[in-house]
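# Coordinate analysis (summary)
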Amino acid sequence: MKIAVFDSGIGGLSVLYEAHRALPQEQFIFFADEDHVPYGTQTPEAVQQHVAEAFDFLVQQDVKAIVVACNTATSVAVPAMRERYDLPIIGMEPAAKLALDEDGTHRVLVVATPITVHGKKMQLLIDKVDKDHLVDRLALPRLVEFAERQEFDSPAVRDYLAGELAPYDLTQYSALVLGCTHFNYFKPAFRHLLPETMHFVDGNAGTVRELRRQLAVRGQLEQLVPDVAYYYSGRRVSDATGLARIEHYLRQLAQVYSL
Ligand code: DGL
């Protein structure tokens, strides 16, 4: 059986990339809801509706687990999906705990979409892990638009990031938590603006570890001929132009994962 990796758009490719490396003999379905991206600036109700439609499609593909490779969708829609479907649903949340565990004295900046940054789930996480009030949160919705048009390190991207980061004294921070899977593409652009003392933290590796754990518990890890089928909102991507677009993202990810 296959593993589904779902996101509002192409951010989820960063989780797929990591899952593929960790579980090289599994088969994957990658679902980007390109008809409805971006999620992060919509209402929670609208996102819940989009996620429900995507899940209806994915469970019909006979998948053994669904990875919600989207912090925004996890924040507002995963509990309802877990009630509706009896299969492992692995969500994501900004890795603020990981960043605090690694340092614990310097500040941490979490960047994510507006829904994630302002949502109840994020607040609960902060209340639980940030006893010393070291975490700041910043919404960067335009990065999702830049990512969707493959604009990773242009002057417009750098200007946007420089403007948004300007109010922070970054020398006080140890980590930038990438709390949106679309943001992984921008590590080079961020790197230009961050002091050397700041490093990147994301939840991708933890999410893939949890996927592996849940499949192992169910005895569902498999050794298959590797395969990935790509879908945009339920339509199979199989034409050369569509696959070349995805290849372009995967190449950028191969570069940024060495940073
Ligand atoms: N990639 C998604 C996340 O991790 C959301 C991007 C969006 O659609 O706004 O939050």
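Right above here is the structure, for reference.
Along each chain, residues carry numbers from 1 onward, in the same order as the chain's sequence is written. Residues qualify for local features only when their pLDDT is at least 70, as the model is predicted, and side-chain atom pairs are given and counted only at 80 or more; totals for whole chains, interfaces and linings, by contrast, use all residues. Think of the side-chain values as coming from all heavy atoms in the structure, minus any hydrogens and water.

## Looking at the overall build of the protein chain
The helix and strand labels rest on DSSP assignments: H or I over at least four residues marks a helix, E over at least two residues marks a strand, and numbering proceeds from the N terminus. A tally of regular secondary structure across the protein chain gives eleven helices and ten strands. A compact globule built from 259 residues would reach a C-alpha radius of gyration of about 18 Å, and the protein chain, at 18 Å, matches this within 12%. In terms of its C-alpha atoms, the protein chain occupies a principal-axis envelope of roughly 50 × 40 × 35 Å. Burial status across the protein chain gives 55% buried among its 259 residues. The globule rule used for comparison is 2.2 Å times the number of residues to the exponent 0.38, while the radius of gyration itself is calculated over C-alpha atoms. Three labels apply to residues, based on accessible area from a 1.4 Å probe with only protein chains included: buried if under 20% of the type maximum, exposed if over 50%, partly exposed otherwise in between.

## Topic: the site of the ligand
Residues in close proximity to the ligand total 14 residues, the closest being Ser8, Tyr39, Gly40, Thr72 and His182. We define a polar contact as two N or O atoms separated by no more than 3.5 Å, with the added condition that, inside protein, one atom must be a possible hydrogen donor and the other a possible acceptor, whereas residues neighbouring each other in sequence contribute only through side-chain atom pairs. Asp7 has a polar side-chain atom sitting 3.1 Å from a nitrogen atom of the ligand. Taking Thr72, its side chain carries an N or O atom lying 2.6 Å from an oxygen atom of the ligand. Of the residues belonging to the shell around the ligand, the class tally is six nonpolar, seven polar and one charged. Throughout, the term near means that a residue has one or more heavy atoms lying within 4 Å of the molecule or strand in question. Gly falls in the polar group here, along with every residue not listed as nonpolar (Ala, Val, Leu, Ile, Met, Phe, Trp, Tyr, Cys, Pro) or charged (Asp, Glu, Lys, Arg).

## Notes on the side chain of Ser174
You can see Ser174 is positioned in strand S7 (residues 173-178). Those residues in contact with Ser174, other than ones at most four positions away along the chain, are Asp103, His106, Arg107, Val108, Thr197, Met198 and His199. Between two residues, a contact is recorded if the distance between any of their heavy atoms is within 4.5 Å.

## Some points on the sheet that holds strand S1 (residues 2-7)
On the basis of which strands lie adjacent, the open sheet formed by six strands has the order S4-S3-S1-S2-S9-S10 and mixed pairing. Edge positions in the sheet fall to strand S4 (89-90) and strand S10 (235-236), since each of these pairs with one other strand and no more. Where helices are involved, their axes are fitted lines through C-alpha atoms of the stretch in contact, as for all axes, and angles between N-to-C directions lie from 0 to 180°. Lying over the sheet, helix H10 (residues 204-217) contacts S1, strand S3 (63-68) and S4, oriented at roughly 160 degrees with respect to S3. Each pair of strands is called paired provided DSSP finds at least two bridges between the two strands.

## Some thoughts on the sheet that holds strand S5 (residues 107-112)
Pairing is parallel across the open sheet formed by four strands, whose spatial order is S6-S5-S7-S8. In the strand order of this sheet, the two ends are held by strand S6 (135-139) and strand S8 (199-202), each with one partner. Along the sheet, successive strands turn relative to each other by an average axial angle of 25 degrees, direction set aside.

## Focus: the pattern of salt bridges
Pairs can form between side chains of opposite charge once their charged atoms are near each other. We define a salt bridge as a contact between a side-chain nitrogen of Lys or Arg and a carboxyl oxygen of Asp or Glu at a distance within 4 Å. In the structure shown here, the tally under the stated rule is 14 salt bridges. A salt bridge links Asp35 to Arg235, with the shortest nitrogen-to-oxygen separation between them at 3.0 Å. Taken together, the residues span a long stretch of sequence, with Asp35 in the loop between strand S2 (27-32) and helix H2 (44-59) and Arg235 in strand S10 at a distance of 200 residues. Across the salt bridge formed by Glu151 and Arg149, the nearest N and O atoms sit 3.0 Å from each other. The partly exposed category is assigned to Arg149, whose relative accessible area is 47%. Taken together, the shared-partner salt bridges in this structure form one network comprising Glu26, Lys64 and Glu222.

## Structural notes on the packing of aromatic side chains
For this analysis, a ring pair means two rings from Phe, Tyr or Trp (six-membered ring only for Trp) whose centres lie within 6.5 Å, classed as stacked if their planes differ by under 30 degrees, edge-to-face if by over 60, and tilted for the remaining angles. Overall, the coordinates contain 15 aromatic pairs when judged by the stated rule. With a centroid separation of 6.5 Å and an interplanar angle of 45 degrees, the aromatic rings of Phe6 and Tyr39 are classed as tilted. One end of the pair, Phe6, is in strand S1; the other, Tyr39, is in the loop between S2 and H2, with 33 residues separating them in the sequence. Judged by relative accessible area, which is 0%, Phe6 ranks as buried. Note on Tyr39: relative accessible area 1%, which makes it buried.

## Considerations on unusual backbone geometry
The residue after Val37, namely Pro38, is reached through a cis peptide bond having omega 5 degrees. Along the polypeptide, Pro38 turns up in the loop between S2 and H2. One non-glycine residue with positive phi stands out, namely Asp62, at about 60 degrees. Among the structural elements, Asp62 can be located in the loop between H2 and S3. Positioned with a positive phi, Ser233 is a non-glycine residue whose angle comes to about 45 degrees. You can see Ser233 is positioned in the loop between strand S9 (227-232) and S10. Overall, the relative accessible area of 18% leaves Ser233 in the buried class.

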